[in-house]
Amino acid sequence: PIPKLEGDAPGCLTRANCRSKGAAPGFKVAILGAAGGIGQPLSMLMKINPLISVLHLYDVVNTPGVTADISHMDTGAVVRGFLGASQLEGALTGMDLVIIPAGVARKPGMTRDDLFNINAGIVKSLSEGVARFCPKALVNIISNPVNSTVPIAAEVFKKAGTYDPKRLLGVTKLDVVRANTFVAEVLGVDPRDVDVPVVGGHAGITILPLLSQVKPPSAFTPKEVEYLTDRIQNGGTEVVEAKAGAGSATLSMAFAAAKFAESCLRALRGDAGIIECAYIDSQVTEIPYFASKVRLGRGGIEEVLPLGPLNDYERESLEKAKKELASSIEKGVAFVKK
Ligand code: NAD
Ligand code: LMR
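Residues numbered from 1 in each chain as written. Chains lettered and ligands numbered in written order. Predicted model: local features only at pLDDT ≥ 70, side-chain atom pairs only at ≥ 80, totals over all residues. Heavy atoms only, no water.

Asks: Whenever I open this one, the packing of helix H2 (residues 39-48) against helix H3 (residues 63-71) confuses me. Can you help?
Replies: When two helices pack together, their arrangement is given by the angle between their axes and by how far apart the axes lie. Here H2 crosses H3 at 30°, and the two axes come no closer than 10 Å. Looking at the two axes, H2 sits roughly parallel to H3. In this structure, H2 meets H3 at a crossing whose hand is right-handed. Contacts from Gln40, Ser43, Met44 and Lys47 of H2 reach H3 at Val66, Ile70 and Ser71. (Axes fitted to C-alpha atoms, helices over the stretch in contact; angles between N-to-C directions. Helix = DSSP H or I, 4+ residues; strand = E, 2+ residues; numbered from the N terminus. Parallel < 35°, antiparallel > 145°, perpendicular 65-115°, else oblique. Left-handed = near helix turned anticlockwise from the far one by under 90°. Contact = heavy atoms within 4.5 Å.)

Okay, here's the thing in structure tokens:
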């Protein structure tokens, strides 16, 4: 008989080696914060993903329930649950990809930076776990404020001597997903046919949709540019206000994170031409972390693509974004160094 796995239902019977050896070949993925508003639908979407053979669900609450529930889905991935810091090692060991949506979410009237005091410590301690137990994994950071939490993770990895900038990605995919949706609405086309690069960071004016580079090539009136920029930059706040105290975007975020994770896994598998926007250690500007288009491959980020030609409005917006980004980054770095 195979040893019982954490997350197996109590008393479950399994023929020798069914679960461990019989798992379809594929990647091992951990979600930290798996019982939360994003974590639960993201776990479900990952359980459906045929590229994944093992899915580890880690949280400080409720993972037994979420794991029991999701493990009944008749898809290939074996699901195991891990609860609390003493099980972080089991959750992380052997993982190829770690997705981190752990932390508190905004309520109306708050900025993402208002989450710093709680989430900085959560991301720091989870990153310490990654450095110890799966230092070669690709890491996707969702926890806000992303503009600061990615530098926090980087500083933790640097301290531990495991930092590989190619493997740490702040997830800004929701900004792209929103931009594609809103631009498609304005153009009256299918959002699946639209591609809007969104660069900079993931908070307010640091979110810079490059509407001059929309595919298919499209011209927008100044009024449309103003409307779209404002809607994309404040998409998160739109959801926070509509949820009226019950949290921030969870379902669209899980969708965006699942798409982003799929790109990471396809790249790890060796698929060519995988391009995503992500917030990364960057030399595209003088700001040390910046979101832009990257080409992903087996080693993580294989190429950071140039920003491309910007119009006057985008250049001015970039200058404003850089100021805010610089201070959010400094805050994250100082948190780990202190
Ligand atoms: P939530 O409160 O519903 O869930 C967060 C989960 O994290 C909870 O289950 C909680 O128990 C868990 N958690 C807390 N401390 C933990 C720890 N030390 N280890 C493991 N798990 C821990 O919040 P949510 O709506 O899922 O949002 C999570 C985070 O994602 C927030 O910071 C939010 O602002 C952010 N977010 C980012 C984006 C983005 O585009 N990057 C989009 C939406 C939300
Ligand atoms: C979002 O963009 O929806 C997230 O960053 C959550 C938030 O607080 O807005």
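Asks: What's the story with helix H10 (residues 251-269) in this structure? I'm lost.
Replies: Every α-helix winds through 3.6 residues per turn, so residues three or four apart in the chain are directed the same way. Here H10 contains 19 residues, and its C-alpha end-to-end distance of 27 Å stays within 8% of the 27 Å for a straight helix at 1.5 Å per residue. Among all positions in H10, only Met253, Ala254, Ala256, Ala257, Ala258, Phe260, Ala261, Ser263, Cys264, Leu265, Ala267 and Leu268 are buried. Following H10 by one or two positions, Gly270 has its phi on the positive side, about 110°. (Expected span 1.5 Å × (residues − 1). Buried < 20%, exposed > 50% of the residue type's maximum accessible area, 1.4 Å probe, protein only.)

Asks: Looking at this model, I keep getting lost on unusual backbone geometry. Mind explaining?
Replies: Most of the time, phi is negative for any residue but glycine, and the peptide bond is trans. Omega for the peptide link from Asn144 to Pro145 comes to -5°, which places this bond in the cis form. As for its position among the elements, Pro145 is in the loop between strand E5 (138-141) and helix H6 (146-160). Cis geometry is adopted by the peptide bond preceding Pro216, which originates at Lys215 and carries an omega value of 0°. Take Pro216: it is sitting in the loop between strand E8 (207-209) and helix H8 (222-233). Phi at Asn62 is positive, roughly 65°, even though this residue is not glycine.

Asks: Looking at this structure, how should I read the site of ligand 2?
Replies: Within the structure, ligand 2 sits among Arg106, Arg112, Asn144, Leu174, Arg178, His202, Gly236, Ser248 and Ala249. A distance of 2.8 Å separates an oxygen atom of ligand 2 from a polar atom in the side chain of Arg112. Asn144 places a polar side-chain atom, nitrogen or oxygen, 2.8 Å from an oxygen atom of ligand 2. Here ligand 2, which alone exposes 260 Å², has 95% of that area covered by the protein. For the shell around ligand 2, the residue count by class is two nonpolar, four polar and three charged. (Near = heavy atom within 4 Å. Polar contact = N/O pair within 3.5 Å; in protein donor to acceptor, adjacent residues only side chain to side chain. Areas by Shrake-Rupley, 256 points an atom, 1.4 Å probe, with all protein chains shown as cover. Nonpolar A, V, L, I, M, F, W, Y, C, P; charged D, E, K, R; others polar.)

Asks: Would you mind going over the nonpolar core with me for this structure?
Replies: One recurring pattern in soluble globular proteins is that nonpolar side chains are buried together. Ranked by size, the top nonpolar core spans 48 residues in total, and within it Leu32, Leu92, Val98, Phe157 and Leu168 carry the most contacts. At the level of elements, strand E1 (27-32), helix H4 (88-92), strand E4 (97-100), helix H5 (116-133), E5, H6, strand E10 (289-297) and helix H11 (312-337) are the ones that each hand at least two residues to this core. Aside from chain neighbours lying at most four places away, what touches Phe157 is Ser127, Val130, Ala131, Val139, Thr162, Tyr163 and Leu168. By size, the runner-up hydrophobic cluster in this structure holds 42 residues, among which are Leu97, Ala249, Leu268 and Ile301. (Core = buried A, V, L, I, M, F, W, Y, C linked by side-chain atoms within 4.5 Å.)

Asks: Is there a simple way to explain the site of ligand 1 in this structure?
Replies: The environment of ligand 1 is made up of 29 residues, and the closest members are Gly37, Ile38, Asp59, Val104 and Asn144. One nitrogen or oxygen atom from the main chain of Gly103 is found 3.2 Å from an oxygen atom belonging to ligand 1. Val171 places a polar main-chain atom, nitrogen or oxygen, 3.3 Å from a nitrogen atom of ligand 1. Alone, ligand 1 offers 860 Å² of accessible surface; in the complex the protein occludes 85% of this. Among the secondary structure elements, those contributing two or more residues to the shell around ligand 1 are strand E2 (52-59) and H5. No other element matches the three residues that H5 contributes to the shell around ligand 1. Tallied by class, the residues present in the shell around ligand 1 amount to 18 nonpolar, ten polar and one charged.

Asks: Please clarify how the environment of Glu128 should be interpreted in this entry.
Replies: Its place among the elements puts Glu128 in helix H5. Residues Glu128 and Phe157 lie 29 residues apart in sequence; the distance between their C-alpha atoms is 7.3 Å.

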